[in-house]
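What follows is each chain in one-letter form.
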Amino acid sequence: MTEMLRIIGDGREIPDAPVPDGLAEKDLIELYRWLVLLRVFDERSVALQRQGRIGTYALYWGEEGTQAGALYACEDHDWVFPSYRQNSIGILRGVPASTVLAWWRGYGGDLGFYNPRDHRVGPICVSIATHLPHAVGVAWAAKTRGDRAASLSWFGDGATSEGDFHEAMNFAGVWHVPTIFFCVNNQWAISTPYKKQTATDTIAEKAAAYGMPGMRVDGFDPIACWKATREALDRARAGGGPSLIEAYCYRLMPHGTADDPRLYRDESEKDRWMHLEPVGRMNGFLRRLGIMNDDLEASIRDEAKSEIADAVTQMEAMKHPGQEILFDHTYSSGRPWNFDEGLEELRHTARAPEVKPVGPQPGPDTGDVSAGRTDKDRLQEG
Ligand SMILES: Cc1ncc(C[n+]2csc(CCOP(=O)(O)OP(=O)(O)O)c2C)c(N)n1
Ligand SMILES: [Mg+2]
């Protein structure tokens, strides 16, 4: 089995390894800052969803290291392609957090979400693995132009069962494309466990079939994620082609806010993994190195909280862009005639959906609560 790279110990039996070359003290603090910003965004988003202020939300609590660690290894001109699980990765590249929150609210934002070219961050991809060929294509184009940029795509263990994964891996292998396939193996694809997803012991070993190196890292260790990604990027830029990285971890939370994992897995399994979660673990590592203390920890958290609080205010001040936005940003050269027709039809037919109340429905506001009749009452009345 491919060996698993780990730098940060577990604070119990597994010892720390030395800080890898290329990460100075300021980098370690900055990486921690990124982890905390992602964590605060995620926790705040779950609360907003519970309050009905955004729609469904795919939380990533525990997977921050796979995101921040890998991104920190990239150069600014490298393209990254997130799935829904890395939905807020763009905020580490200058995408306003309010724009990402607005996306979860179902709003396009004032400009119709962000332009991927501005930040070299692909659109948040909900359809499993369809962004992998895009990531390969962008890196192949860069290589063809003689540009230094590489690309990186994040996806899950479940995505490795999709045709797009195999097509993207194969193309990248054949054409030595400078791209990194970063698989977050959290061992669950909604209710499908790893054992039912694939017959290989690891995801990393799949790389051999496409003629590229496969690496396996502790996905709860942000520094191991950084190191593997940096090595893969160095290799890619030197003409060595693509790599597959498997970040092995565990999905500590439900698949999303509409999911209840108690229905399909033993939730006590989480207890074996919880102490490895990356924010606390990185904090412990920095303290053992003597570069983290309570004051610094509090100021980083407060700063992140205030940034996300501002983003919530901005998001809630945005106007609903209207249904007509459906026809924007599809073609760069304006709207074709059939889009004009469709838009006209929408203007004539669309109206706000009628909201039908459910449950007890009081009559005119007389203050007489007994006037309320439930569906059950109505059924009984025939
Ligand atoms: C093409 C496609 N098929 C099915 C789905 C429904 N779906 C949403 S998430 C998911 C599971 C993905 O699991 P995994 O790749 O392990 O990623 P994780 O959610 O664990 O991050 C599925 C099947 C989808 N979004 N797109
Ligand atoms: Mg998964």
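Here the structure is shown first, and the text comes after it.
Residues numbered from 1 in each chain as written. Chains lettered and ligands numbered in written order. Predicted model: local features only at pLDDT ≥ 70, side-chain atom pairs only at ≥ 80, totals over all residues. Heavy atoms only, no water.

K.L.:
Could you give an account of helix 3 (residues 97–105), with specific residues and numbers?
P.N.:
Where burial is concerned, most of helix 3 is hidden: 7 out of the 9 residues are buried. Every buried residue belonging to helix 3 is among Ala97, Ser98, Thr99, Val100, Leu101, Ala102 and Trp104, and all of these are buried. Positive phi appears at Gly106, one or two residues downstream of helix 3, with a value of about 95 degrees. (Buried < 20%, exposed > 50% of the residue type's maximum accessible area, 1.4 Å probe, protein only. Helix = DSSP H or I, 4+ residues; strand = E, 2+ residues; numbered from the N terminus.)

K.L.:
Provide a residue-level description of the environment of Gly137, including the pertinent values.
P.N.:
Counting through the fold element by element, Gly137 comes out in helix 5 (residues 131–145). The class for Gly137 is partly exposed, based on a relative accessible area of 31%. Sequence spacing of Gly137 and Ala168 is 31 residues, and the spatial spacing of their C-alpha atoms is 8.7 Å.

K.L.:
Before we move on, could you go through the pattern of salt bridges and cite the residues and values that matter?
P.N.:
This model, assessed by the stated rule, comprises 26 salt bridges. With a closest N to O distance of 2.7 Å, Arg237 and Asp78 form a salt bridge. With a gap of 159 residues between them, Arg237 in helix 8 (residues 222–240) and Asp78 in the loop between helix 2 (64–73) and strand 2 (79–81) connect regions that are remote in the sequence. Given the relative accessible area of 22%, Arg237 is considered partly exposed. Among the ionic pairs, Arg347 bridges to Glu344, the shortest N-O distance being 3.3 Å. Residue Arg347 and its partner Glu344 are located together in helix 11 (residues 337–349), separated by 3 residues, close to a single helical turn. Using a relative accessible area of 46% as the deciding quantity, one classes Arg347 as partly exposed. With a relative accessible area of 37%, Glu344 lands in the partly exposed category. Salt bridges here are not isolated pairs; linked through shared partners, they connect Glu75, Asp78, Arg148 and Arg237. (Salt bridge = Lys/Arg side-chain N within 4 Å of Asp/Glu carboxyl O.)

K.L.:
Describe the packing of helix 1 (residues 25–50) against helix 9 (residues 278–289), listing the residues and the values that go with them.
P.N.:
Between helix 1 and helix 9, the shortest axis-to-axis distance is 10 Å and the interhelical angle comes to 155 degrees. The angle between helix 1 and helix 9 places the two elements in the roughly antiparallel class. As for how helix 1 packs across helix 9, the hand of that crossing is left-handed. Contacts from Leu28, Ile29, Leu31, Tyr32, Leu35, Val36 and Arg39 of helix 1 reach helix 9 at Pro278, Val279, Met282, Asn283, Leu286 and Leu289. Of the residues that constitute the contact of helix 1 with helix 9, the class distribution is 11 nonpolar, 1 polar and 1 charged. (Axes fitted to C-alpha atoms, helices over the stretch in contact; angles between N-to-C directions. Parallel < 35°, antiparallel > 145°, perpendicular 65-115°, else oblique. Left-handed = near helix turned anticlockwise from the far one by under 90°. Contact = heavy atoms within 4.5 Å. Nonpolar A, V, L, I, M, F, W, Y, C, P; charged D, E, K, R; others polar.)

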